[in-house]
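The primary structure of each chain is shown beneath.
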Amino acid sequence: MFLQRPLYKDALHLFRFFCLILWLLLTVYITGFAGIAENYILSFAMMAGAFVGSATPVGGGVVAFPVLTFIKQIPAKEAAVFCLAMQSFGMTASSLAIFTRKIPVDKFLITWCVITSFVGYLLALFYIPNPFSSAGLKVFFSSFWLAFGAAIFLVRRKQTIRRTVALTRVNGWRLLLFIAICFAGGIVTSWIGNGIDVVFFCVLILMFSRTESVATPSAVIVMALISLLATVLNISAGNVNMQTLTYLSATIPVVIIFAPLGILFSVRHGDAFIRKLLLALVIIQYLFTAVAFFRQLDYVLLSMLVIALSFVLLFAIGCIDKRKAA
């Protein structure tokens with residue numbers, strides 16, 4: 001019976017087995033088991049981060065990045081490198097769960113997004129330094145995520161969108177706009193270790209009228225592919241240091257288990273559940289940011305400006321073409 005079972009059905013199990021072997025070699029011969037005990041906070045954080053980050057389009061980096069920059073006090077650049085490396089395990093596991101369960105995704109737009117966003121990532125990695133401080137970066141994107149979640153909730157709460165993944169036909173200015181948005185998402189991803197998944201999800205929902213049950217797994221696959229490509233690039237460029245490897249030894253077994261559970265749980269519960277979970281997550285992370293940084297007026301003003309501009313941008317994208325892109 002085992003020999004008659006299609007190999008793709010065991011892809012996730014084989015990937016987890018490979019990851020555990022790699023994790024064991026990494027821990028025994030390079031980092032040591034003491035590093036796991038020292039970073040138990042990160043391990044526990046990524047149990048929730050991997051699950052929620054895969055159940056919604058925000059990615060596991062939305063939890064890992066603030067933990068590393070504000071609790072561990074490591075530079076934002078190193079935190080971004082780790083987030084991408086960690087997501088290359090967790091999001092790949094989620095993508096294999098999507099593949100084995102044959103969950104619908106938009107393959108056409110995924111292909112275009114991966115190509116253009118990786119070009120943006122490459123350009124930013126070598127030529128566009130992060131213009132924000134760690135605190136400013138967190139306030140900026142925390143505010144954008146809040147506006148993003150609220151906009152999706154408001155736009156879609158009264159809409160009924162047919163769950164379809166028919167080939168999307170984009171050309172001319174629509175294709176150019178899509179490329180520009182994904183390119184910008186790649187630049188953001190080089191700064192904080194995630195972001196293209198949020199941007200891609202937003203475009204699928206507002207510009208191409210995809211359902212959350214299609215847009216979420218599509219965004220997970222994009223984040224997985226970008227994380228893999230970026231991690232290979234960071235390794236070849238020497239950006240992965242011992243500290244990053246130590247953090248990976250504390251999180252690899254966690255993310256390969258909890259990340260696939262997140263995407264399967266959210267898709268099973270449907271579009272409304274994903275929408276509510278996303279809104280709850282962005283509100284919670286914004287409240288944490290407010291408590292941490294809103295003692296300074298500059299950060300309050302920055303947050304208000306970002307939220308206002310984000311609402312204008314998101315609703316403009318949603319109004320570009322009211323016709324369903326199918």
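Every chain begins its residue count from 1, and numbering advances along the sequence as written. Side-chain atom pairs in this predicted model are given and counted only at pLDDT of 80 or more, local residue features only at pLDDT of at least 70, and totals for whole chains, interfaces and linings cover all residues. Here the side-chain values reflect all heavy atoms present in the structure, with hydrogen atoms and water set aside.

The next thing to look at is the environment of Leu25. Per the convention used, a helix needs a DSSP run of H or I reaching at least four residues, while a strand needs a run of E reaching at least two, with both numbered from the N terminus. Looking at the element boundaries, Leu25 is found in helix α1 (residues 11-31). We call a residue buried when its accessible area falls under 20% of the maximum for its residue type, exposed when it is over 50%, and partly exposed in between, using a 1.4 Å probe and counting protein chains only. Note on Leu25: relative accessible area 45%, which makes it partly exposed. Considering only alpha carbons, one finds Leu25 and Ser249, 224 residues apart in sequence, at a separation of 9.7 Å.

All right, on to the packing of α1 against helix α11 (residues 242-269) then. What describes two packed helices is the angle between their axes and the distance between those same axes. In the contact formed by α1 and α11, the axes pass within 10 Å of each other and the chain directions differ by 155 degrees. Accordingly, the angle class assigned to the pair α1 and α11 is roughly antiparallel. As for how α1 packs across α11, the hand of that crossing is left-handed. Each of Leu12, Phe15, Arg16, Cys19, Leu20, Trp23, Leu26, Thr27, Ile30 and Thr31 in α1 lies in contact with α11, whose residues at this interface are Met242, Leu245, Thr246, Leu248, Ser249, Ile252, Pro253, Ile256, Ile257 and Pro260. Residues that form the contact of α1 with α11 fall into these classes: 15 nonpolar, four polar and one charged. For helices, the fitted axis covers only the stretch in contact; all axes are lines through C-alpha atoms, and the angles between them, taken along N-to-C directions, range from 0 to 180 degrees. For classification purposes, angles smaller than 35 degrees are called roughly parallel, those larger than 145 roughly antiparallel, those between 65 and 115 roughly perpendicular, and all remaining angles oblique. With the far helix as reference, a near helix turned anticlockwise by less than a right angle produces a left-handed crossing, and one turned clockwise produces a right-handed crossing. Whether two residues touch is decided by their heavy atoms; if any such pair falls within 4.5 Å, the residues are in contact. Amino acid classes used here: Ala, Val, Leu, Ile, Met, Phe, Trp, Tyr, Cys and Pro are nonpolar; Asp, Glu, Lys and Arg are charged; the rest, including Gly, are polar.

A few words on the nonpolar core. Remark: nonpolar core denotes a set of buried residues (Ala, Val, Leu, Ile, Met, Phe, Trp, Tyr, Cys) joined through side-chain atoms within 4.5 Å. Counting residues in each nonpolar core, the largest one holds 90 residues, and the members touching the most others are Phe148, Phe178, Phe200, Phe201, Val222 and Leu248. Among the elements that make up this core, the one with the highest residue count is helix α5 (residues 76-100) (11 residues). Apart from residues no more than four positions distant in its own chain, Phe200 is found in contact with Leu109, Ile110, Cys113, Phe178, Ser218, Ala219 and Val222.

To continue, consider unusual backbone geometry. The backbone of Lys102 sits at a positive phi, close to 55 degrees, despite the residue not being glycine. Turning to its location among the elements, Lys102 is positioned in the loop between α5 and α6 (107-127). Overall, Lys102 belongs to the exposed group, its relative accessible area being 63%.

Turning next to the confidence of the model for the protein chain. As a per-residue quantity, pLDDT reports the predictor's confidence and falls between 0 and 100. Put simply, the protein chain has an average pLDDT of 79, and 83% of its residues get 70 or more. Taken element by element, the protein chain is modelled with least confidence in helix α4 (residues 61-71), mean pLDDT 66, and with most confidence in α1, mean pLDDT 89. Below pLDDT 50 for its whole length, residues 160-165 participates in 19 contacts with residues either more than four positions away or in separate chains. Within the model, the stretch residues 322-326 combines pLDDT values under 50 with 13 contacts to residues more than four positions away or in other chains.

Attention now moves to α6. Look at α6: 30 Å from first C-alpha to last across 21 residues, which is about the 30 Å you get at 1.5 Å a residue. Taken together, the buried positions of α6 are occupied by Leu109, Ile110, Cys113, Val114, Thr116, Ser117, Phe118, Gly120, Tyr121, Ala124 and Leu125. Given a helix with a known number of residues, its expected span is that number minus one, times 1.5 Å.

Let's shift gears to helix α9 (residues 196-206). By the criterion of burial, α9 is predominantly enclosed, with 11 of the 11 residues buried. Within the sequence span of α9, burial applies to Ile196, Asp197, Val198, Val199, Phe200, Phe201, Cys202, Val203, Leu204, Ile205 and Leu206.

Here the focus is the packing of α9 against helix α10 (residues 212-236). The contact between α9 and α10 brings their axes to 9 Å, and the two run at 150 degrees. Regarding the angle of α9 to α10, the classification is roughly antiparallel. For α9 against α10, the interelement crossing comes out right-handed. Each of Ile196, Asp197, Phe200, Phe201, Leu204 and Ile205 in α9 lies in contact with α10, whose residues at this interface are Glu212, Ala215, Thr216, Ser218, Ala219, Val222, Met223 and Ile226. When the residues that make up the contact of α9 with α10 are grouped by side-chain class, the tally is 10 nonpolar, two polar and two charged.

Of note, Ser143 is situated in helix α7 (residues 134-156). On the basis of relative accessible area, Ser143 is assigned to the buried category, the value being 0%. Residues adjacent in sequence count toward polar contacts only when both atoms are side-chain atoms; beyond that, a polar contact is any pair of N or O atoms within 3.5 Å, and within protein one must be able to donate a hydrogen and the other to accept it. Separated by 2.7 Å, the side chain of Ser143 and the backbone oxygen of Val139 make a polar contact. A polar contact is formed between the side chain of Ser143 and the side chain of Ser303, at a distance of 2.8 Å. In this structure, Ser143 is in contact with Tyr286, Ser303, Val306 and Ile307, ignoring residues within four places of it in sequence.

Patch membership is restricted to residues that have no salt bridge and whose relative accessible area is over 30%. Joining uses 9 Å for like charges and 5 Å for the nonpolar side chains Val, Leu, Ile, Met, Phe, Trp and Tyr. Calculation of accessible area relied on Shrake-Rupley with a 1.4 Å probe; when residues are assessed, cover is drawn exclusively from the protein chains displayed. Counted as salt bridges are all cases of a side-chain nitrogen of Lys or Arg within 4 Å of a carboxyl oxygen of Asp or Glu. On the surface, a cluster of nonpolar side chains totalling about 940 Å² of accessible area is made up of Phe17, Ile21, Leu24, Leu25, Val28, Tyr29, Ile30, Phe33 and Met242. Of all the elements, α1 adds the most residues to the nonpolar patch, at seven residues. Within the element layout of this structure, Val28 appears in helix α1.

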